[in-house]
Amino acid sequence: MMDKSTENPGNDPVSTKGNGSIKSDEKTSTDGGINVSMMEKFRRSFRLPTRKNPPSPGDKESKLSPESDEPAKMLDSAASPQPPSPSLSPGSASTSPKNNQKKEDDDSDVSHKSRPLTPSNTDPSMPRFDNTFNRLRESFPWRRKKEVDTLPSEDLKEEKGLGDGSSATCLENEEKKEEDESDVSSLKSKPPTPSKTDPSMPRFDNTFNRLRESIRWRRKKEVDTLPSEDLKEEKGVGDGSSATCLENEEKKEDEESDVSSLKSKPPTPSKTDPSMPRFDNTFNRLRESFPWRRKKEVDTLPSEDLKEEKVTPTFEEYLEIQAFCEATQQLIDREKHLFWETAEANKEAVEKLAADHKALEERVWQTLQQSLSLSSEEASVSALKSAVKAINLEEEQDQLWKQRSQTPPAWRPSEWKKRHDEVLQKLVNGRMDNPSSPTGDQVNQSSIQADIQSMDRQLKDDLQWVVEKVKNCYPPEMDICNFYARQYHQTFKARLRKIVGSVDDEDCSFLLRWVKESYPEILEKPELTSNINTEALGNLLPDELLKPLEEKYLSNQQSDLMIYIDRVLDEAKKEWDQGKEPTRDDGCYASAVAYDVIQFINDIVTSAQKIVRDPHKAQKITSNLTDFMQRYKEFHEDVIKQNKPHSKAFIKANLSCVKQFKDFLVKHDLFLEDVQKNCLPVLTEMKQSAHTYLLTPVHKVLKPHYQKVGTNDWLKKNTFEKLLNSTEEELQQLQGSSQSSYQELIGQLYQEVAEEYVRRLLKGEVKLKDSNQQQKAYETVKENAEKLHELFAEMGSKQDWLKEILTKIAEVLKLQDTPAIQMQIVSLGSAYPDLSEKHISALLKLKANLSKADKKTIKTTVLDILKESHTNAETRAFFSKVEVVGS
């Protein structure tokens, strides 16, 4: 135990490292059981020193009287090699100066940077500080277990050594004994509070240092924020500064404290210790370093206190905050008490309950009427949710009354669910009667169209709002999205019934299009289909109103179509009469007749198919298209007949139109079957007349060259080259129509040239008397066929089969064996069934070396074979167009 009358004036050395950390020297100075290092750690951990007995103003350096106070002695011991008087107070015992001087010399090497500890260990005010520290420890209950768990063994040794001044070995034994005797549960308990007069007060210093060391994140910050004034204060004390100077420095340090200390709890100064308020300020700064504790202290207030303060709102207060569910429950509780729990209900209480029930009902309906205009505020949505819950509570109460034989009050059954549906139905009707959305461009719209479009926009906005906002205020079993959808559907249905009978042609198309297209598109939006059963809604108009409307619509569309396409044809005729040549597109003459007419037909019929949902009905719109084709054909023939300079250009442009019309009629299912059958022949006639008009001049140019074919000059001289050259020149002149039309045109020319070639050959002007001449004729015909095919193929023709006919005829001319001749002719007749007996006779007539009997046998056999193998398969016609004179 430590003696109160003794005190070690030495200081525990503390070095401030370059990294900002504070490290206490392991060496401690002990004399009479007093640990100075312990007190030094305590002082430095609070940055601001505590001063008990400041030196007298007159003392300087090492000249101290025996009557000087203890702080002056301790300061002088750190600055002077002479040992000062160790007296603590006028009545305290002194320690050996020699021992004190020796201890101070040992510590002086490492204590020159430390701040001296001024308070006396025997100061009667110190226990007050111990109590303050315990209050600090109690404010951190979560530290208790950790504080014990992290007790450093060195501090335990230090405490025991201070208690009795025993040797190091004794200290270690006592430390081990204390650890062995410690109980596990005691580690979690609250540490004891030492007595104010307990001589083991230095143990408090170690406890505080353990607390300080357990808050590791505070260590570096303490050193970094050490005010320079504290260092100056140390020097001032060492020099024997007056009490007035110390007080000024204390005031300056307090003013320079952190901003956070301004918000701390005001300090509670000690009544007897003038330096105690400094520690209290330090304590408050420490408490402020744990701001999270402040909220937690409030959060952990006993719930019993809150419950005692909580007061149930009155019915009127519930209405004021729009807590309709709670207000309803309160009324139901009152109702049960009055009618079910008491023998006879109080009349005044019943009247008050009825009035409150009516007031609540009015507020609930007001809230429902604002369902489609909720604000974005949470209170508005919360009010609707509460109103819906109130309605369900009332429904449950109605059901409970039905199960009782007792006469219910006047307001039962309340039927709030039924009333809820009626209120929302009126709400929907009102919004459709007075849509908030703008009505759009009424200048170009009828009043019916403007009204429908306004209701259309209101419908889309409201259903979207119901899905996004209102749905969340209702329980799933109420299916509020489908309820609203049914209300809007019925409202629209009722309004359309009123206007169907009075719509004109333009409104009829608009109305039918909206009913069949626009309205389904609104309900088919993904966000609506996932919440609304659109199939259960049905049609907006019944069939008895819909069919007359559709017939009127189709009739109007048919009339409109004929008006549009007739205008197109009239425009083409006007350009022809004015002598204008058709425009060119990529070198080809083009007419807008086919493009515009096809566009009108496609748009009108396709739109009608979507509206009437019946392709066959929509096809009736084109029933008058045959009449248009006839008028177009008449115009085409008139152009050919007049044969003006620009007639060929018009005919080439018409060829392109004919091709487009034909493809459109065949590839698209927009026409009735009889319309296709009637229009396609007209188009074929127009194409043939155009080909004849364009190719007739070509044949006139080639006629002199045709006349050389099948003559002796044809075999001896190369006359066919002139025919090829002239044909090539004419092919260039035929260009000007579209690529596909041009291919058909030169294909027709290729076939006509081949037909003329065979006609001249079968005419029989040349007689092939022997096999040599027949071989020569074979080579000539085959060569002509190859060159003619090569020419037309280069120009884009795809008629390869014409080369095959000429080649087969050449093979017949070459063969000498009768059976072989028969088989070749049969092959030719099988490929082209229009090969007649006259054609066979003319071909055999060229072979002059055959006897009449052989010719007859061959002809009879071939005809029999062809007759037996005749099929109805579609084949190309060729020989039917080749006229043969004689047999």
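Residues numbered from 1 in each chain as written. Predicted model: local features only at pLDDT ≥ 70, side-chain atom pairs only at ≥ 80, totals over all residues. Heavy atoms only, no water.

The protein chain is annotated in an unreviewed UniProt entry as Exocyst complex component Sec6 of Oreochromis aureus. Taken from UniProt, the Sequence similarities (unreviewed entry) comment for the protein chain reads in full: "Belongs to the SEC6 family." (UniProt positions renumbered as here; feature names shortened; annotations may be inferred.)

## Focus: the packing of helix H21 (residues 480–499) against helix H22 (residues 505–523)
Interaxial distance between H21 and H22 falls to 12 Å at its minimum, and their mutual angle equals 160 degrees. Taken together, the axis directions place H21 and H22 in an arrangement best described as roughly antiparallel. The interaxial crossing formed by H21 with H22 has left-handed handedness. Residues His489, Phe492, Leu496 and Ile499 of H21 form the contact with H22, whose participating residues are Leu511, Trp514, Val515 and Tyr519. (Axes fitted to C-alpha atoms, helices over the stretch in contact; angles between N-to-C directions. Helix = DSSP H or I, 4+ residues; strand = E, 2+ residues; numbered from the N terminus. Parallel < 35°, antiparallel > 145°, perpendicular 65-115°, else oblique. Left-handed = near helix turned anticlockwise from the far one by under 90°. Contact = heavy atoms within 4.5 Å.)

## Some thoughts on the pattern of salt bridges
Pairing between side chains of opposite charge can happen when their charged atoms approach one another. The final tally for this structure, using the stated rule, is 28 salt bridges. The salt bridge partner of lysine 633 is glutamate 637, with a shortest N-O separation of 4.0 Å. Here the residue lysine 633 and the residue glutamate 637 both occupy positions in helix H27 (residues 625–642), the gap between them amounting to four residues, near one helical turn. Look at lysine 633 and you get buried, because its relative accessible area is 14%. With a closest N to O distance of 2.1 Å, arginine 759 and glutamate 756 form a salt bridge. (Salt bridge = Lys/Arg side-chain N within 4 Å of Asp/Glu carboxyl O. Buried < 20%, exposed > 50% of the residue type's maximum accessible area, 1.4 Å probe, protein only.)

## Re the packing of helix H32 (residues 739–762) against helix H34 (residues 801–814)
Contact geometry of H32 with H34 gives a least axis separation of 10 Å together with a crossing angle of 10 degrees. By the angle between their axes, H32 is roughly parallel relative to H34. Between H32 and H34 the crossing geometry is left-handed. When H32 is examined against H34, the residues Tyr750, Gln751, Ala754, Tyr757, Val758 and Leu761 are found in contact with a partner set consisting of Trp801, Leu802, Lys803, Leu806 and Ile809.

## What about the confidence of the model for the protein chain?
In the predicted model, the protein chain carries a mean pLDDT of 74, and the fraction of residues at 70 or more is 63%. Low pLDDT, under 50, characterises residues 1–36; the predicted model gives this stretch 115 contacts beyond four residues in sequence or across chains. Below pLDDT 50 for its whole length, residues 216–253 participates in 69 contacts with residues either more than four positions away or in separate chains. (pLDDT = per-residue confidence, 0-100.)

## Quick word on a positive patch on the surface
Among the surface-exposed residues, Lys708, Lys716, Lys717 and Lys722 lie close enough to one another that they form a single positively charged patch. Within the secondary structure, lysine 717 is located in the loop between helix H30 (712–716) and helix H31 (720–733). Overall, lysine 717 belongs to the exposed group, its relative accessible area being 54%. (Patch = residues over 30% accessible without salt bridge, like charges linked within 9 Å, V, L, I, M, F, W, Y side chains within 5 Å. Areas by Shrake-Rupley, 256 points an atom, 1.4 Å probe, with all protein chains shown as cover. Lys, Arg positive; Asp, Glu negative; His and termini not counted. Charge placed at Lys NZ, Arg CZ, Asp CG, Glu CD.)

## Description of the packing of aromatic side chains
One pass over the full model with this rule turns up 22 aromatic pairs. Seen in terms of ring centroids, phenylalanine 339 and tryptophan 401 are 6.0 Å apart; in terms of plane orientation they differ by 75 degrees. Their pairing is edge-to-face. With phenylalanine 339 in helix H16 (residues 324–340) and tryptophan 401 in helix H18 (residues 378–402), the pair connects residues that are 62 residues apart, well separated along the chain. A residue is classified by how much of its surface remains accessible, and phenylalanine 339, at 13% relative accessible area, is buried. (Phe/Tyr/Trp six-rings, centres within 6.5 Å; stacked < 30°, edge-to-face > 60°.)

## Describing the nonpolar core
Tyr484, Phe628 and Phe661 are the most contacted members of the largest nonpolar core, which totals 175 residues. Ranked by the residues each element gives to this core, the list is headed by helix H29 (residues 673–706), at 12 residues. The residues touching tyrosine 484, leaving out its near neighbours within four places in the chain, are Ser371, Leu372, Leu424, Leu427, Val428, Leu463, Val466 and Val470. (Core = buried A, V, L, I, M, F, W, Y, C linked by side-chain atoms within 4.5 Å.)

## Overview of unusual backbone geometry
The linkage connecting arginine 412 with the following residue, proline 413, adopts the cis geometry, with an omega of -5 degrees. By the secondary structure assignment, proline 413 is in the loop between H18 and helix H19 (416–433). Unusually for a residue other than glycine, asparagine 643 sits at a positive phi of about 45 degrees. Residue class for asparagine 643 comes out partly exposed when judged on its relative accessible area of 48%.

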